[in-house]
Amino acid sequence: MATIAREQAIVHEQESWELPAEKPFIVRAMKPWLRNPAGFIGLIIAVGFIVLGIIGPWIAPYDPRELDAQARFEGISWAHPMGTTALGQDMFSRILYGARLSLIFGIVVMIFGFVPGTALGIASGYFGRWIDHAIQRSGEAWAAFPQLIILLTIIAAVGPGLKSVAVVIAIGGLFGGSRLLRAVSLVEKHKDYVLAARAVGATEWDIVRRYIVPNVMPYVLVGISSVFAVAIIAEATLSFLGLGAQPGTPGWGIDLSEGSNEGITYPMLVIWPGLAISIVVLGFNLLGDTLRDILDPRLRGSMGDKH
Amino acid sequence: MLRYALRRLIWLPIILFGVSAVVFVMLRVLPGQSPAEIIAGQGATPEQIEALEEQLGLNEPIWDQYRVWVTDLLRGDFGEEFYSQKSIKDEFIRRFPPSFQIVMMSLVIGTVLGIGFGVISAIFRNRSPDYVVRFGAVAFSSIPEFFMLTLLIVVPAYLWQYSQPVGGYVPFYEDPWTNMRLMLPPAIILGIAGSAGLMRLTRTTMLEVLQSDYVRTAKAKGLRQQTVLFSHALRNAGTPIVTAVGTAFIAVFGGSIIVEQVLSIQGLGQWFFFASLQRDLTVVQFLVVYSAFVVVVMNLIVDLSYGYIDPRVRYS
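Calculation notes
Residues numbered from 1 in each chain as written. Chains lettered and ligands numbered in written order. Predicted model: local features only at pLDDT ≥ 70, side-chain atom pairs only at ≥ 80, totals over all residues. Heavy atoms only, no water. Helix = DSSP H or I, 4+ residues; strand = E, 2+ residues; numbered from the N terminus. Buried < 20%, exposed > 50% of the residue type's maximum accessible area, 1.4 Å probe, protein only. Contact = heavy atoms within 4.5 Å. Areas by Shrake-Rupley, 256 points an atom, 1.4 Å probe, with all protein chains shown as cover. Lys, Arg positive; Asp, Glu negative; His and termini not counted. Charge placed at Lys NZ, Arg CZ, Asp CG, Glu CD. Patch = residues over 30% accessible without salt bridge, like charges linked within 9 Å, V, L, I, M, F, W, Y side chains within 5 Å. Salt bridge = Lys/Arg side-chain N within 4 Å of Asp/Glu carboxyl O. 1 Å grid on protein atoms, 1.4 Å probe; cavity = no way out; pocket = protein on both sides within 12 Å on 5 of 7 lines; lining within 4 Å. Points joined across faces, edges and corners; volume = space filled by probe spheres on them. Domains from an automatic or database assignment. Expected span 1.5 Å × (residues − 1). pLDDT = per-residue confidence, 0-100. Buried area = accessible area lost by both parts, 1.4 Å probe. Polar contact = N/O pair within 3.5 Å; in protein donor to acceptor, adjacent residues only side chain to side chain.

## Remarks on the overall build of chain B
Here's step 1: The secondary structure content of chain B amounts to 13 helices and 0 strands.
Here's step 2: For chain B, the succession of helices and strands along the chain, N to C, is α-α-α-α-α-α-α-α-α-α-α-α-α.
Here's step 3: Principal-axis analysis of the C-alpha atoms gives chain B an extent of 85 × 60 × 40 Å.
Here's step 4: The burial tally for chain B puts 49% of its 316 residues in the buried class.
Here's step 5: For chain B, long-range pairs separated by at least 24 residues make up 71% of all intrachain contacts whose partners lie at least 6 apart in sequence.
Here's step 6: When the accessible surface of chain B is split by element, carbon and sulfur atoms take 65% of a total near 15900 Å².
Here's step 7: Side-chain charges in chain B split into 24 positive and 23 negative, and the spacing between the mean points of these groups amounts to 21 Å.

Next up, the structure:
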C-alpha cells in the first residue's frame, strides 16, 4: 500500500510540472526507424508489397495469361518493362499478379495458423501447466522434422495443391506463433502491473484480456513479419517443385520454374521472379529483426542496432 | 553418460513405432486418390482397380496391413515399390550415397561458415566486418534455395559457357573430380543457406562469453589471442552452438530434397519426391520412418556432445 500511496503522490506532484513541449506524434513514431535504416527499408518493402498485392491487377498493363506469339522472349522495353516470357506473356504483369498470390497465401497462413497460434501461446504462457506441456511438446516434435518431409507425406496422402501446402505451413505458423507468444507472455505475467491488477480483484480472464494481450501485441507484429517471410518462400518453393499452384498461374515460383526451361539462353526469365521473392522476403526479415530490436533490447544482435 | 545414452536408445524404437503408426494410418485414412487408381491409369475399369488393390494388399483391414508391414520391417524385409516392384532395400542402398554426401558436405560447410563468421562478427562487433556479415546472413536467408540452385545452372552457362553438371552421380573414390564438380557447388549453396541461424547464435553467445570474467583473466595473464578465443571463449559458447548445428542439420536434410530435384541427382530426396507424387505408400512410409530414425539419432549425438564440450554437464 505504501508504494501505491507514494506513486499517487508523485503523480499528484507531476500535475503542477511544466511539461516540455512534445514533438508531434509522427516525429516520435519515426525516430526508432530513422536510427535503423535497414528496418526502414524493410518497412518500405513490406508496405510496397502489400499495396502492390492489392492494387497490382489494376495497374498491370496486360492480362498475365494473354499469349502473344509475336512477342516471345522480348527484352526490356517501354511496352514490356520486364520483357516477355517464352509464351509472349508480359513479365511485369505476371510479377504483379504473383504478388497477389503470395499475399493471399501469406494472409491465409496468418489467419489459420499464426492467429490461433498466438492465442494458444498466450494461454500456454500465462496459465502454464498441462496446456503448456501439450503445446510445447507437439511443437518440438513438429520442428524436429524438416517441413518439406512433412509436406511430401501430406501430399502422398491427399495429393498436391496449394491447399495441402497451406495446411502444412499454417500448422508451422501455429507452433511458431505459440512459441514466440508463450515466451513473451511468460515475461509479462510476472510484471508488477499484473500483480497490481490481481490485487484490485481482476479475474484471470480480465488480466489476460485487458493487460497481457495489449502488452504482447507488438510482438505479434514481429511474428507476422516472419510468418509472411516463411509463407512466401514456402509457396514459391513448392510451386517451383510443381506441388503448389497449377502451371500457368501467375505466381513467382511457377514463373521461375517455367523460366528455368529457357533460362540458359534468357536468364532474365529466372531472375525477375527470383528477385521478386528475394526482395520481398528480405524486406519482411529486416522488418521483423528491427521490430524485435526496438521492442526488446535484450534480444538485440540482429541488423542495424547500435549497442 | 553410457547409462544415459542407453536409456535414450531405449526410446528410439518407441519413437519409431509411434511415427510408423501415425504415418501408416494417415496415408490410408486421409481422403485422396487410391494408389491403385493412379497405377491403373485413366480409363481403368473399377474391376481392374479392385484387382490391383487386392494385389497390393490395400483391401485388408488396416491393422492387418500394419502388422504385416512392421513384422516384415523387423525381419529386414522393406517391401517393394508399388510401380516397378523393385526391392526398396536395393533402391535405398543405391540412392543413399549421393544423399549422404550432399547432407554431410553441406553440414560441414554450413558449420564452418556459421561458426567462423559468427566469431568474426563478435570480435568486430559494430564495426564494418560485423555489419557485412550480419547483412549477408539476412540476405542469404532471404534468397530461396531453389532460386540459388537455378542461378547455379543458368548464370555460369550464360556468362562463361560453363555448364554445372546435372545428374550422373559418381562416387568420390571412383572419380573425385567428376564427383566434386557435381556435388560441391550445391553443397556450398545449401551450406550457406543453413549457416545463417548458426552464425547469429554464435555471435550472440560469443559476445556474452567475451565479456565474462574468465576471458578477462585469460587475457590479463597474457595468453595469445587465439588461445583465449578458441580454447576459452569458443569452448564455453559450445553448448548452444552445438544445438544450432542440430537445427542446421534439419534444414540441410530438407534442403537436400530440393538440391536432388533441381540437379536431378538420384538420391533419397528425389525418391521421396516422386514416391509421394505417385502415392507409392510403401516407399513414403519407409522413408518417413528412416527420416525419423536419422532425426532421433542426430538429436542423441547433439545431446551427448554437450558432455564432451562442457564436462560440467551432468546427464540424468
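And the narrative resumes.
## Comments concerning unusual backbone geometry
Residues and elements named next belong to chain B.
Here's step 1: Backbone geometry places serine 264, a non-glycine residue, at a positive phi of 35 degrees.
Here's step 2: One can find serine 264 in the loop between α11 (238-262) and α12 (268-277).
Here's step 3: Given the relative accessible area of 32%, serine 264 is considered partly exposed.

## Some remarks on a nonpolar patch on the surface
Here's step 1: A surface patch of nonpolar side chains, amounting to about 710 Å² of accessible area, comprises Val47, Ile50, Val51, Leu52, Ile54, Ile55, Trp58 and Ile59 of chain A.
Here's step 2: On the secondary structure map, isoleucine 54 of chain A appears in helix α3 (residues 37-59).

## What to know about empty space enclosed by the protein
All names here are of chain B.
Here's step 1: Scanning all chains against the criterion turns up 1 cavity of 30 Å³ or more.
Here's step 2: Taken as a whole, the largest cavity spans an internal volume of roughly 30 Å³.
Here's step 3: Around the largest cavity, the lining residues are Arg8, Leu9, Leu12, Val296, Val297 and Leu300.
Here's step 4: For the lining of the largest cavity, the elements supplying multiple residues, two or more each, are α1 (2-29) and α13 (281-309).

## Regarding the domain arrangement of chain B
Where interface size is given, it is often the accessible area lost as the parts come together that is meant.
Here's step 1: Splitting chain B by domain gives domain 1 (19-74) and domain 2 (96-266).
Here's step 2: In this structure, domain 1 of chain B and domain 2 of chain B have C-alpha centres spaced 42 Å apart.

## Describing α11 of chain B
Residue and element names in this part refer to chain B.
Here's step 1: Helix length check: α11, at 25 residues, gives a terminal C-alpha distance of 35 Å against a target of 36 Å (1.5 Å per residue), a fit within 8%.
Here's step 2: For α11, a buried count of 20 out of 25 residues is recorded, marking the element as mostly surrounded by other parts of the structure.
Here's step 3: Just downstream of α11 lies serine 264, where phi reads positive at about 35 degrees.

## Here's the deal with the confidence of the model for chain A
Here's step 1: Averaged over chain A, the pLDDT score is 77; the fraction of residues at 70 or greater is 79%.
Here's step 2: Confidence drops under a pLDDT of 50 for residues 299-307 of chain A, and excluding neighbours within four residues, the segment shows 35 contacts in the predicted structure.

## Digging into the interface of chain A and chain B
Here's step 1: Listed per partner, the contact involves 45 residues of chain A and 46 residues of chain B.
Here's step 2: Carbon and sulfur atoms supply 76% of the area that chain A and chain B bury against each other, a total of about 3800 Å² over both sides.
Here's step 3: Area buried by chain A at its contact with chain B is led by Leu152, Ala156 and Ala157 of chain A, which between them contribute 13% of it.
Here's step 4: Here chain A is connected to chain B by 1 salt bridge.
Here's step 5: Notably, a salt bridge pairs arginine 200 of chain B with aspartate 289 of chain A, separated by 3.3 Å at the nearest N-O pair.
Here's step 6: Run the count over chain A and chain B and you get 2 residue pairs in polar contact (both at pLDDT 80 or more).
Here's step 7: Of all elements in the fold, only α5 (129-144), α6 (147-158), α9 (204-240), α10 (252-260) and α11 (268-295) of chain A reach the threshold of two or more residues within the side of chain A that touches chain B.
Here's step 8: If one sorts the elements of the side of chain A that touches chain B by residue count, α11 of chain A sits on top with 11 residues.

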